[in-house]
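Chain by chain, the residues:
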Amino acid sequence: MTHKDNADHLSFEEMRLLKLLLETEQLSLAAERLGHSASTVSRQLAHAREVLGDPLFVRAKTGLLPTARMLAISSKMDRLLEIWDDMADEKPFSPASIERRFRIMTADNGLNAYLTECLPAILAQAPRARLIVEPLSADVFESLRCGEADVAVYPTTDIPAECRAVPLPVMHPVALMRPGHPLVKRFRAQGRLRQADFDAYPLLMCDPRIGTRFREALEAECKRARLIIPYFNALRAILEKTDFVAWSPKASARQWVDAGALFAAPVEDSPFTSFQPQLIWHERTHADPACQWLRGMILQFAARCEA
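Residues numbered from 1 in each chain as written. Predicted model: local features only at pLDDT ≥ 70, side-chain atom pairs only at ≥ 80, totals over all residues. Heavy atoms only, no water.

Quick word on the sheet that holds strand β3 (residues 101–106)
The pairing of strands in a sheet happens through backbone hydrogen bonds and is either parallel or antiparallel. Taken together, the five strands give an open sheet; going across it, the order is β4-β3-β5-β12-β6, and neighbouring strands pair in mixed fashion. Each edge of the sheet is formed by a strand with only one pairing partner; in this case those strands are β4 (130–135) and β6 (163–167). Direction aside, neighbouring strands of the sheet carry axes that sit 25° apart on average. Of the pairings in the sheet, the one linking β3 to β4 comprises six bridges and is parallel in character. Of the residues in β4, the one forming a bridge with Met105 is Glu134. Where helix α5 (residues 108–115) meets the sheet, it contacts β3, β4 and β5 (151–154), and its direction lies at approximately 115° from that of β3. (Pairing = 2+ DSSP bridges. Helix = DSSP H or I, 4+ residues; strand = E, 2+ residues; numbered from the N terminus. Axes fitted to C-alpha atoms, helices over the stretch in contact; angles between N-to-C directions. Contact = heavy atoms within 4.5 Å.)

Encoded structure:
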């Protein structure tokens, strides 16, 4: 029997049939295990013989016996079936099986507010995973689209149709200062602070230079600021040693305040309003179990944060 151009490959079902014929030596028994009729498996065997140019099995008193060609290809066929079954096998997802890196885009105050709480649990549940936090930039959606980031924390409601988003806890603005600052005593005596109370003290501003809904307020405050820095996480070191005051989302400075390093006070006529960042990802990662787990961890721990 010669190979014919119109019979160029074996199907998965035909390979399964050949494997069962090796085990059972009976066409009827193989058909029963596959749930096919005798005529169906007969056609499949005929096609396999045509593709491989060999009888594959010959009749004997005990049943169908494999030819030398069939025995020679059986190990290769077993490997193909094993690969196929492994691809089709939907094993339960486990974070411990993750061996990849996740890229998270956020400003450093977003890292403080939402990610530091969940990082220990993420690293414990997925000990072979790597996390890379990337600086937030104006092209965040392009980074998500092209795979340069898996998820982003970004304060916007203008989400492209190809992306998905879930709101994170609301950020409320506060004034930050060292615990021994004169304004702390005033706040405790009056029970409140107004923006005019800050006129006698130098203003420290963090301007990350990315698109933001507070651009006008930032620009106005920057005009009267004595010091402007691009990094939120540098606020603590400066405020601890000076009489500077600075604006901050309360959740972003929570750990510094809880540790007693800084004092946070609400301001009645703050130029900044409360806002709600979003956890954003691209549609391409929506059904990825590992990315679903990562997003779930971030949201779970973010919900525990004081906003």
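Things to note about the packing of helix α1 (residues 12–24) against helix α2 (residues 27–34)
Two quantities define a packed helix pair, namely the angle between the axes and the distance from one axis to the other. Where α1 contacts α2, the two axes come as close as 9 Å, and the packing angle between them is 130°. The angle between α1 and α2 places the two elements in the oblique class. Judged by the sense of rotation from one axis to the other, the crossing of α1 with α2 is right-handed. Contacts between α1 and α2 involve Glu13, Arg16, Leu17, Leu20, Leu21, Glu23 and Thr24 from the first element and Leu27, Leu29, Ala30, Arg33 and Leu34 from the second. Looking at the contact of α1 with α2 residue by residue, the classes come out as seven nonpolar, one polar and four charged. (Parallel < 35°, antiparallel > 145°, perpendicular 65-115°, else oblique. Left-handed = near helix turned anticlockwise from the far one by under 90°. Nonpolar A, V, L, I, M, F, W, Y, C, P; charged D, E, K, R; others polar.)

Observations regarding the pairing of strand β2 (residues 63–66)
Bridge analysis of strand β1 (residues 57–60) against β2 gives four bridges, and the strand direction is antiparallel. Bridging from a neighbouring strand, Ala60 pairs with Gly63 of β2. What sits between the antiparallel neighbours β1 and β2 is a turn of two residues.

Remarks on the side chain of His181
Mapped onto the elements of the fold, His181 is located in the loop between β7 (173–177) and α8 (182–190). Within polar-contact distance, the side chain of His181 engages the backbone nitrogen of Leu183 at 3.0 Å. In this structure the side chain of His181 is engaged in a polar contact, spanning 2.8 Å, whose partner is the backbone oxygen of Asp243. When residues no more than four places from it in sequence are discounted, the contact partners of His181 are Tyr201, Asp243, Phe244 and Val245. (Polar contact = N/O pair within 3.5 Å; in protein donor to acceptor, adjacent residues only side chain to side chain.)

Section: the pairing of strand β10 (residues 245–249)
With five of five residues buried, β10 is to be regarded as a mostly interior element. Every second residue of β10 is oriented toward a common face, with Val245, Trp247 and Pro249 on one face and Ala246 and Ser248 on the other, all of them buried. Across four bridges, the pairing between β7 and β10 is antiparallel. Note that in β10 the partner of Pro173 across the bridge is Pro249. (Buried < 20%, exposed > 50% of the residue type's maximum accessible area, 1.4 Å probe, protein only.)

So, the environment of Ile298
On the secondary structure map, Ile298 appears in helix α12 (residues 289–302). Residue class for Ile298 comes out buried when judged on its relative accessible area of 0%. With 99 residues separating them along the chain, Ile298 and Asp199 place their C-alpha atoms 39 Å apart. In this structure Ile298 touches Leu115, Cys118, Val151 and Leu279, once residues within four positions along its chain are discounted.

Quick word on unusual backbone geometry
Positioned with a positive phi, Glu25 is a non-glycine residue whose angle comes to about 60°. Tracing the backbone through its elements, the reader meets Glu25 in the loop between α1 and α2. You can call Glu25 partly exposed: its relative accessible area is 25%.

Comments concerning the environment of Ala126
Mapped onto the elements, Ala126 comes out in the loop between α6 (119–125) and β4. Judged by its relative accessible area of 0%, Ala126 falls in the buried class. Counting along the chain gives 29 residues from Ala126 to Ser97, while the straight-line C-alpha distance between them is 7.1 Å. When neighbours within four sequence positions are excluded, Ala126 is seen to be in contact with Pro95, Ile98 and Trp293.

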